[in-house]
Amino acid sequence: MIKLLICDDNPEITKQIKELISIFEKKYRIKFQIDIKNSGDFILKDNKSYDIAIVDIEMPGINGLRLSEKLKELNSDTIVIVLTSFQNYLDSAMRIHVFRYLSKPIDKNRFYSNLKEAVEEYRLISKTITITNNDEVHLIKTKDILYIENQKYGSIIYTNRGDFYTNIKPKELRQKIDQNECFVFSHNSILINLQNVIDFNKTTIVLRKGNFETISTYISQRKYATFKKAFFDFAGGLK
């Protein structure tokens with residue numbers, strides 16, 4: 001069940017959003033655990049974390065930006081959708097990695113589109129796989145995987161948490177992960193997670209490791225064109 005917060009100081013807005021979500025739940029057969037708040041001040045005494053938060057910017061007391069910062073301190077993966085009638089908050093909202101912006105009055109079609117994208121993002125960043133090696137069992141979030149490298153008797157999985165050895169080959173791991181839009185081969189022996197790619201050229205791929213570090217691996221000439229296309233398909237950018 002997806003934990004969702006609606007926070008707006010206008011009860012009519014929270015009522016409207018809850019009704020829209022009820023329709024969304026029936027259409028897509030998704031269940032949300034919904035909390036409704038009419039002030040951001042609740043965060044001072046409630047340390048509950050959320051998967052998705054729909055937050056009004058303009059609220060008395062703790063405003064939506066400060067509330068979003070607090071929510072991300074509790075859970076860095078919280079997907080924040082902000083509600084605002086004002087454009088002057090855009091720069092501040094970008095700094096806290098707001099997922100989408102919804103202007104008031106709320107457009108139903110845009111709301112449904114944004115919520116659907118938020119659910120897809122939640123599924124993407126919350127997926128885990130279980131890896132066993134000898135007597136060790138590791139639960140790894142797929143978003144934390146940097147790349148997977150083929151070894152003689154299995155693979156090394158390079159992640160933000162460290163390196164993990166497994167007797168499963170990269171091709172089998174790709175099937176196990178089942179996120180083909182994210183995991184692409186840059187070489188016959190290297191499977192890259194596009195979620196963490198920050199730069200690449202015809203010989204090298206640079207990936208973000210944690211908040212401040214990077215790690216590099218290589219790309220083959222034969223794979224470059226298909227890798228480049230996969231990256232831009234995933235990122236939604238311009239080729």
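Here the structure is shown first, and the text comes after it.
A.B. asks: Any chance you could explain the overall build of the chain here in plain terms?
C.D. replies: When its secondary structure is counted, the chain shows six helices and 15 strands. With respect to the principal axes defined by its C-alpha atoms, the chain has extents near 60 × 45 × 35 Å. Long-range pairs, those at least 24 residues apart, make up 52% of the contacts in the chain with a sequence separation of at least 6. On the chain, roughly 13400 Å² of surface is accessible, and the fraction owed to carbon and sulfur atoms is 47%. Charge centroids of the chain, computed over 37 positive and 30 negative side chains, lie 6 Å from each other.

A.B. asks: Whenever I open this one, the sheet that holds strand E8 (residues 145–151) confuses me. Can you help?
C.D. replies: The strands that make up a sheet pair up through hydrogen bonds in the backbone, lying either parallel or antiparallel. Spatially, E10-E9-E8-E12-E11 is the arrangement adopted by the five strands of the open sheet, whose pairing is antiparallel. Two strands in the sheet have a free side with no partner beyond their single neighbour: strand E10 (162–166) and strand E11 (183–187). The sheet shows a mean angle of 20° between the axes of neighbouring strands, direction not considered. Note: E8 against strand E12 (residues 190–193), three bridges, orientation antiparallel. Paired with Ile 148 across the two strands is Leu 191, which belongs to E12. Seen against the sheet, helix H5 (residues 170–177) touches E8, strand E9 (154–159), E10, E11 and E12 and runs at an angle of roughly 145° to E8.

A.B. asks: Please explain helix H1 (residues 11–28) as it appears in this structure.
C.D. replies: Between its first and last C-alpha atoms H1 spans 26 Å; for 18 residues at 1.5 Å apiece the expected length is 26 Å, and the two agree. Every buried residue of H1 is listed here: Ile 13, Thr 14, Ile 17, Leu 20, Ile 21, Phe 24 and Glu 25. Viewed end-on, H1 has its buried residues packed into an arc of 145°, placing them on one side of the element. Of the residues in H1, the exposed ones pointing more than 90 degrees away from the buried face are Glu 12 and Lys 26. On its buried side, H1 packs onto strand E1 (2–7), strand E2 (32–37), strand E3 (52–56), strand E4 (79–84) and helix H4 (108–126). Two or three places before Glu 12, at the start of H1, stands the capping residue Asn 10, its side-chain oxygen 2.9 Å from that residue's backbone nitrogen.

About the cut-offs
Residues numbered from 1 in each chain as written. Predicted model: local features only at pLDDT ≥ 70, side-chain atom pairs only at ≥ 80, totals over all residues. Heavy atoms only, no water. Helix = DSSP H or I, 4+ residues; strand = E, 2+ residues; numbered from the N terminus. Contact = heavy atoms within 4.5 Å. Areas by Shrake-Rupley, 256 points an atom, 1.4 Å probe, with all protein chains shown as cover. Lys, Arg positive; Asp, Glu negative; His and termini not counted. Charge placed at Lys NZ, Arg CZ, Asp CG, Glu CD. Pairing = 2+ DSSP bridges. Axes fitted to C-alpha atoms, helices over the stretch in contact; angles between N-to-C directions. Expected span 1.5 Å × (residues − 1). Buried < 20%, exposed > 50% of the residue type's maximum accessible area, 1.4 Å probe, protein only. Arc of directions from axis to C-beta. Polar contact = N/O pair within 3.5 Å; in protein donor to acceptor, adjacent residues only side chain to side chain.

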